[in-house]
Amino acid sequence: GSVSSDWTDAGNWTPSGAPISTSNVIIPDEVTTANDPTFPASTTINTLNIQSGGILNGGTSTVVTIAGSENFMTVNGTFNAGTSKVIITNALASVYSDINFYDWEIAEGCTLAVNANINVRITGTFTSLGHAQAIGGFTFVYDGGNQNIAVPSQVNKRYFNVTFKGTGTKTM
């Protein structure tokens, strides 16, 4: 942000004003941003684009709802997930870049299309109330301590590749 790392400080954003549920948020490279923003306790946005060199901090126990569809979250920079939870709510969401999450939820009624050669890394909990669909070969990486592994939809929308890393027990 221009003034601080406070997501809700209007002075951190161009144009001036904290993001709202219809905002397509862009986090520019750190050279043009004096402070790396941190998600507030709870927020809803439309899409998120972390540009090359940009840094966004997930915060501690924050809940972020992303309501957009096409390429709802692009990460060409760094997303420090912290212990945040990201919830996807659009019925036709898609993702085209590697993403790291602590807790991640695909809401009921959503179908998430994950494109080829994408790595989705979960260090906390993955909850799929909707469906994750592989458009091509993507890898789901469970990379935390003790983790419960989500069982994908029973109808042709299963994991393409899954990798287990980290310490602890993985339970399916």
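Parameters at a glance
Residues numbered from 1 in each chain as written. Predicted model: local features only at pLDDT ≥ 70, side-chain atom pairs only at ≥ 80, totals over all residues. Heavy atoms only, no water. Helix = DSSP H or I, 4+ residues; strand = E, 2+ residues; numbered from the N terminus. Rg over C-alpha atoms; globule rule 2.2 N^0.38 Å. Buried < 20%, exposed > 50% of the residue type's maximum accessible area, 1.4 Å probe, protein only. Contact = heavy atoms within 4.5 Å. Areas by Shrake-Rupley, 256 points an atom, 1.4 Å probe, with all protein chains shown as cover. Lys, Arg positive; Asp, Glu negative; His and termini not counted. Charge placed at Lys NZ, Arg CZ, Asp CG, Glu CD. Salt bridge = Lys/Arg side-chain N within 4 Å of Asp/Glu carboxyl O. Core = buried A, V, L, I, M, F, W, Y, C linked by side-chain atoms within 4.5 Å. Pairing = 2+ DSSP bridges. Axes fitted to C-alpha atoms, helices over the stretch in contact; angles between N-to-C directions.

Caption draft 1: View of the overall build of the protein. When helices and strands are tallied, the protein shows 0 helices and 19 strands. In summary, the protein has a C-alpha radius of gyration of 16 Å against a globular reference of 16 Å for 172 residues, a match within 12%. Within the span of the protein, comprising 172 residues, buried residues form 45% of the whole. Considering only residue pairs separated by 6 or more positions, the protein has 27% of its internal contacts joining residues 24 or more positions apart. Summed over all atoms, the accessible surface of the protein reaches about 8100 Å², with 49% contributed by carbon and sulfur. For the protein, the distance from the average position of its 6 positive side-chain charges to the average position of its 11 negative side-chain charges is 17 Å.

Caption draft 2: Fine view of the pattern of salt bridges. In this structure the tally under the stated criterion is 2 salt bridges. Among the ionic pairs, Glu 105 bridges to Lys 85, the shortest N-O distance being 3.1 Å. Here the residue Glu 105 occupies a position in strand β11 (residues 103–106), and Lys 85 occupies one in strand β8 (residues 85–88), the gap between them amounting to 20 residues. Its relative accessible area of 13% is what places Glu 105 among the buried residues. With a closest N to O distance of 2.7 Å, Asp 143 and Arg 121 form a salt bridge. Of this pair, Asp 143 sits in strand β16 (residues 139–143) while Arg 121 is found in strand β13 (residues 119–122), placing the two residues 22 residues apart along the sequence. A relative accessible area of 30% places Arg 121 in the partly exposed class.

Caption draft 3: Summary view of unusual backbone geometry. A cis amide bond, omega -5 degrees, links Thr 14 with the succeeding residue Pro 15. You will see that Ser 61, though not glycine, has its phi angle at about 55 degrees, which is positive. Tracing the chain through its elements places Ser 61 in the loop between β4 (55–57) and β5 (63–66).

Caption draft 4: Geometry of the nonpolar core. Formed by 39 residues in total, the largest nonpolar core has its most connected members in Leu 48, Phe 72 and Trp 104. By residue number, the principal contributor to this core is β8, which donates 3 residues. Each residue touching Phe 72, except ones within four places of it in the same chain, is listed here: Thr 47, Leu 48, Ile 66, Ile 88, Ala 93, Ser 94, Val 95, Ile 99, Trp 104 and Leu 112.

Caption draft 5: Geometry of the sheet that holds strand β6 (residues 73–75). As summarised here, the arrangement of the 3 strands in space is β1-β3-β6, forming an open sheet in which the pairing is parallel. Two strands close off the open sheet at either side, each with one partner strand: β1 (24–27) and β6. Taken over all neighbouring pairs, the strand axes of this sheet differ in orientation by 10 degrees on average, direction set aside. Sheet topology note: the β1/strand β3 (residues 47–50) ladder contains 4 bridges and is parallel. For Ile 26, the partnering residue across the bridge sits in β3 and is Asn 49.

Caption draft 6: Representation of the pairing of β5. Relative to β5, strand β2 (residues 42–45) runs parallel, the two being bridged by 4 bridges. Paired with Thr 44 across the two strands is Thr 65, which belongs to β5. Pairing of β5 with β8 involves 4 bridges; the strand directions are parallel. Each bridged residue has a counterpart across the sheet, and for Val 64 the counterpart in β8 is Val 86.

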